[in-house]
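Each chain is listed here by its residues.
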Amino acid sequence: MVVVPEEIRGQLLAHARAEAPNEACGLIAFRDSVAERYLPGTNRLMSPFRFELQPKDPQEFFLEDEGYDLAVFHSHPETEPRPSRTDIENIGLWEGRPYLILALASGELAGWRIRDGSVEALPLE
């Protein structure tokens, strides 16, 4: 289980709205399973159906050296917050890590872990 406080959820929603109709994406920095920071990125594909995360500052990946766990976030502008076939096939270095998706239409945030092509729900609080 991971905890995403209302302040962080608000930042995710605001970023998703700002990027619509395209998918928004970014990193969420967790400490002890609690989200402490949202680091908005750029969707290099500028697509409503796919994303390729470009962090605004590549140094953000070094937050892990400071004791943070990183999760990837992206929005689905018109569909449910479930991993798509494309999400599963392109999981890359995010495999096994928290993977959060926001459905812009409903505001619902859902968490997942994707490993070896299988998807497991990650409870959010």
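Residues numbered from 1 in each chain as written. Predicted model: local features only at pLDDT ≥ 70, side-chain atom pairs only at ≥ 80, totals over all residues. Heavy atoms only, no water.

## Re the pattern of salt bridges
Inference 1: In the structure shown here, the tally under the stated rule is four salt bridges.
Inference 2: With a shortest N-O distance of 3.2 Å, arginine 44 and glutamate 52 are connected by a salt bridge.
Inference 3: Classification of arginine 44 by relative accessible area gives partly exposed; the value is 47%.
Inference 4: Glutamate 52 gets classed as partly exposed once you look at its relative accessible area, which sits at 35%.
Inference 5: Of the charged contacts in the structure, one is a salt bridge between arginine 97 and glutamate 64, with a shortest N-O distance of 2.6 Å. Note that arginine 97 is positioned in the loop between α2 (85–89) and β5 (99–103) and glutamate 64 in the loop between β3 (53–55) and β4 (69–76), a separation of 33 residues in sequence. (Salt bridge = Lys/Arg side-chain N within 4 Å of Asp/Glu carboxyl O. Buried < 20%, exposed > 50% of the residue type's maximum accessible area, 1.4 Å probe, protein only. Helix = DSSP H or I, 4+ residues; strand = E, 2+ residues; numbered from the N terminus.)

## Section: the nonpolar core
Inference 1: Membership of the largest hydrophobic core comes to 17 residues, with the highest contact counts inside it found for Leu53, Trp94 and Tyr99.
Inference 2: Elements that contribute at least two residues to this core include exactly β1 (25–31), β4, β5 and β6 (109–115).
Inference 3: Core analysis: the next-biggest nonpolar cluster, separate from the first, contains 16 residues, Val2, Phe30, Leu100 and Leu109 among them. (Core = buried A, V, L, I, M, F, W, Y, C linked by side-chain atoms within 4.5 Å.)

## Focus on the pairing of strand β7 (residues 118–122)
Inference 1: As judged from the five bridges shared by β6 and β7, these two strands associate in the antiparallel manner. Bridged to arginine 115 within β7 is serine 118.
Inference 2: Hairpin connection, β6 to β7: the antiparallel pair is bridged by two residues, and aspartate 116 has positive phi, about 50°. (Pairing = 2+ DSSP bridges.)

## A short note on the packing of aromatic side chains
Inference 1: Counted under the stated rule, the structure contains one aromatic pair.
Inference 2: Between tyrosine 38 and phenylalanine 73 the ring centres are 5.5 Å apart and the planes differ by 85°, which places this aromatic pair in the edge-to-face class. Of this pair, tyrosine 38 sits in strand β2 (residues 34–43) while phenylalanine 73 sits in strand β4, placing them 35 residues apart in sequence.
Inference 3: Relative accessible area serves as the criterion here: at 0%, phenylalanine 73 is assigned to the buried category. (Phe/Tyr/Trp six-rings, centres within 6.5 Å; stacked < 30°, edge-to-face > 60°.)

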